[in-house]
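Spelled out, the chains give:
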Amino acid sequence: MDITIDTSHSKYHVNKKGYYGHFGGAYIPEMLYPNVAELQEKYLEIMRDPAFLSAFEQLLKDYVGRPSPLYLAKRLSEKYGVDIYLKREDLNHTGAHKINNTIGQILLAKRLGKKRIIAETGAGQHGVATATVCALMGMECVVYMGSVDIQRQAPNVARMKMLGATVVPATSGSKTLKDATNEAIRDWINNPVDTHYIIGSVVGPHPYPDMVARFQSVISEEIRRQLKEKTGKSNPDYVMACVGGGSNAAGTFFHFVDEEDVRLIAVEAAGKGVHSGYSAATSQLGRMGVIHASKTLLMQTEDGQIVEPHSISAGLDYPGVGPLHAHLFETGRATFLSATDDEALEAAYELSRLEGIIPALESAHAIAKLKDLSLQPGQVVVVCLSGRGDKDMETYIKHLK
Amino acid sequence: MNRIDQLFRDKPGHILNIYCTAGFPALNDTLTIVETLQKSGADMVELGMPFSDPLADGPVIQDSSTRAIANGMRISVLFEQLKGFRERVSLPVVLMGYLNPVLQFGVEEFCKKCAETGIDGLILPDLPMDEYENEYRQIFDKYGLHFIFLVTPETSEARIRKIDSLSKGFVYAVSSSSTTGKDKDMSGQQAYFARLQAMKLKNPVLIGFGIRDKATFEAACAHSNGAIIGSAFVKAIENSANLQQTIQEFVEKIKA
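K.L.:
Outline the interface of chain A and chain B, supporting the account with residue identities and numerical values.
P.N.:
Taken together, the contacts link 33 residues of chain A with 35 residues of chain B. Across the interface of chain A and chain B, roughly 2800 Å² is buried in total on both sides, 51% from carbon and sulfur atoms. Three residues stand out in chain A for area buried against chain B, namely Glu 30, Met 31 and Arg 186 of chain A, and they jointly supply 22% of the buried area on that side. Joining chain A to chain B, the criterion identifies three salt bridges. Ionic pairing is found between Lys 178 of chain A and Asp 53 of chain B, a salt bridge with its closest N-O pair at 3.0 Å. For the pair chain A and chain B, the number of links is 18 residue pairs in polar contact (both at pLDDT 80 or more). Broken down by secondary-structure element, the contributors of at least two residues to the side of chain A that touches chain B are α1 (33–48), α8 (177–190), β11 (287–291) and β12 (294–298) of chain A.

This is the structure in structure tokens:
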């Protein structure tokens, strides 16, 4: 398993100081220094330990159900005149890619001797994935969730509670994902010794962006192997994924980042339109700034207050983006597109009717941009289907056609 | 000489530093509060530059920040309010805030404005030591701005030494592992305070977080040069009908 490959010669992966070009770092208050420094020092060493790796692999196989299939979507391919493969993260236990990371981090937390787990969640997918692994390991679990999101995502709140987690409403600020993240960080400040914070995306202070990307890199590792088996070549022409904070995209891109013949396509949420005032297209609307202890592209007012984004999908509703993605954007290594709420809904219906797969709204953003690529016959496109649509049924029913 | 250094030279113990959020409770209360604090006998003022996402702060200071931003407070407005304030205020004033608004304002421009208006020091809890040393130290030094670092009960002795060597003005000792405004019991912290005291740092030490009344102030002063009160003060003035009287009474109770 090569989630621990040496990336020190890469132009795009994290450097020794925790930066991706100008982005990244660890802008943490001193109260978090011992915890974050411990992680920085030990994460790679722990991940490289054969016993750790075999425990991780075993759980991914027997508990999560990996490898997830790489499925040649025939009718979708016909429509676009190319070969489109879907990486079926929606078939994982708990219904999304999020569990790859929570399995990895809970094993790491145990290695560090932690007794208590905290997490933030927006749509509830990461919260459910965290509550799940805490139940599995018999650890205490506290999930922070914006009080607005608690209203919007009742089924996931119920799942977390059924799994034994405590769900704490974040009532500060805009009461959504960024505020849940603030509250989780504050909890960590108040409980520095016994608690590990399982961040759900490739955001936060170094080493989180790299650590989470590596746990998620099972996705690109499998894609390369599966594609080789199916086509004889491990590199497709395109890999595509949606980006909020960017964890499924980081996992989908990871082993392709230095393969310059593979085009990386990141799809952000344009909401009601990039310039409508209701958007989460950070690469278009953001400037360099610091959010959740990381220097990255950030949606903010002129005087540096963080702005609340909008997307129909709660999982893409984040005002920043992981520093890896900010760097891929700035260097031009990845192409950033954006899909509106309406385009995502349409793509969700398209995939449902053509392939019998109801995608998560987040993943539908990636599908929606197939039409914007200038594809040539014979090309191979891999799209990460990061999650399934069960959690979005209420939204889909509202727009049923 | 920087007013902070002057203060500790003149008065080595029982320094009372009061935090308030600029632009709170009303936009134009900032200067009234600073002046009244001076009249009432506070020794130093820490003025908060409100930020939408203040990670190290508890709900009281976050709510005051949200209100201040809604009132129209921003860094440029604060510098406007502070123009000429040194004609009436002599106590040291430290600005406290988060890195992002300062980055967006422009770090050098920010320091220049601080020097022009008469700001003595700066606390940015999310500007880590390495970044400060490599990128910002020279700029702050150029404008005579003292950069003040935090230490916590979990900070190792080696790191405290390093922080002390980089700090100017004073070292801000966080009383317990917490965000601001938590009513944690201070008795458990005496060993930590004593450990800090025994290290004989080159900088004076002020203790903050959880200091809220005379008892906690005195407990902190027993092992340091003084203490910082934030959330308790913000709470006291939040709904005050007579700001000056409330401030006067608040300071008197601490100093009594």
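Here the narrative resumes.
K.L.:
I'd like to hear about the side chain of Lys 114 of chain A, residue by residue, with values.
P.N.:
Relative to the helices and strands, Lys 114 of chain A resides in the loop between α4 (98–111) and β5 (116–121). You can call Lys 114 of chain A buried: its relative accessible area is 9%.

K.L.:
Lay out the confidence of the model for chain B with the relevant residues and their values.
P.N.:
Mean pLDDT over chain B: 94, with 98% of residues reaching 70 or higher. Reported confidence for the predicted complex is 0.94 by ipTM and 0.96 by pTM.

K.L.:
Which residues make up the sheet that holds β5 of chain A, and what values go with them?
P.N.:
All names here are of chain A. Ordered in space as β7-β6-β5-β8, the four strands form an open sheet in which the pairing is parallel. Pairing within the sheet leaves two strands with one partner each, and these edge strands are β7 (166–170) and β8 (195–197). Neighbour to neighbour, the strand axes of the sheet diverge by 25 degrees on average, direction disregarded. Where β5 lies against β8, three bridges are found, and the strand directions are parallel. The partner of Ile 117 across the bridge, within β8, is His 196. Its contacts with the sheet place α4 against β5 and β8, and it is angled at close to 155 degrees to β8.

K.L.:
Kindly report on the layout of surface pockets, identifying the contributing residues and their values.
P.N.:
Computed from the structure, the largest pocket encloses a volume of approximately 610 Å³. Ala 26 of chain A together with Pro 128, Met 129, Asp 130 and Glu 131 of chain B are, among the 28 residues lining the largest pocket, the residues nearest its centre. Sorting the residues of the lining of the largest pocket by element identifies α1 of chain A together with α7 (129–142) and α8 (157–166) of chain B as the ones contributing at least two each. The element contributing the most residues to the lining of the largest pocket is α7 of chain B, with five residues. For the lining of the largest pocket, the residue count by class is 17 nonpolar, four polar and seven charged. Approximately 490 Å³ is the volume found for the second largest pocket. Of all elements in the fold, only α6 (147–152), α7 (154–162), α15 (361–368) and α16 (393–398) of chain A reach the threshold of two or more residues within the lining of the second largest pocket. No other element matches the four residues that α16 of chain A contributes to the lining of the second largest pocket. For the lining of the second largest pocket, the per-class residue count stands at seven nonpolar, seven polar and nine charged.

Cut-offs applied
- Residues numbered from 1 in each chain as written.
- Chains lettered and ligands numbered in written order.
- Predicted model: local features only at pLDDT ≥ 70, side-chain atom pairs only at ≥ 80, totals over all residues.
- Heavy atoms only, no water.
- Contact = heavy atoms within 4.5 Å.
- Buried area = accessible area lost by both parts, 1.4 Å probe.
- Salt bridge = Lys/Arg side-chain N within 4 Å of Asp/Glu carboxyl O.
- Polar contact = N/O pair within 3.5 Å; in protein donor to acceptor, adjacent residues only side chain to side chain.
- Helix = DSSP H or I, 4+ residues; strand = E, 2+ residues; numbered from the N terminus.
- Buried < 20%, exposed > 50% of the residue type's maximum accessible area, 1.4 Å probe, protein only.
- pLDDT = per-residue confidence, 0-100.
- Pairing = 2+ DSSP bridges.
- Axes fitted to C-alpha atoms, helices over the stretch in contact; angles between N-to-C directions.
- 1 Å grid on protein atoms, 1.4 Å probe; cavity = no way out; pocket = protein on both sides within 12 Å on 5 of 7 lines; lining within 4 Å.
- Points joined across faces, edges and corners; volume = space filled by probe spheres on them.
- Nonpolar A, V, L, I, M, F, W, Y, C, P; charged D, E, K, R; others polar.

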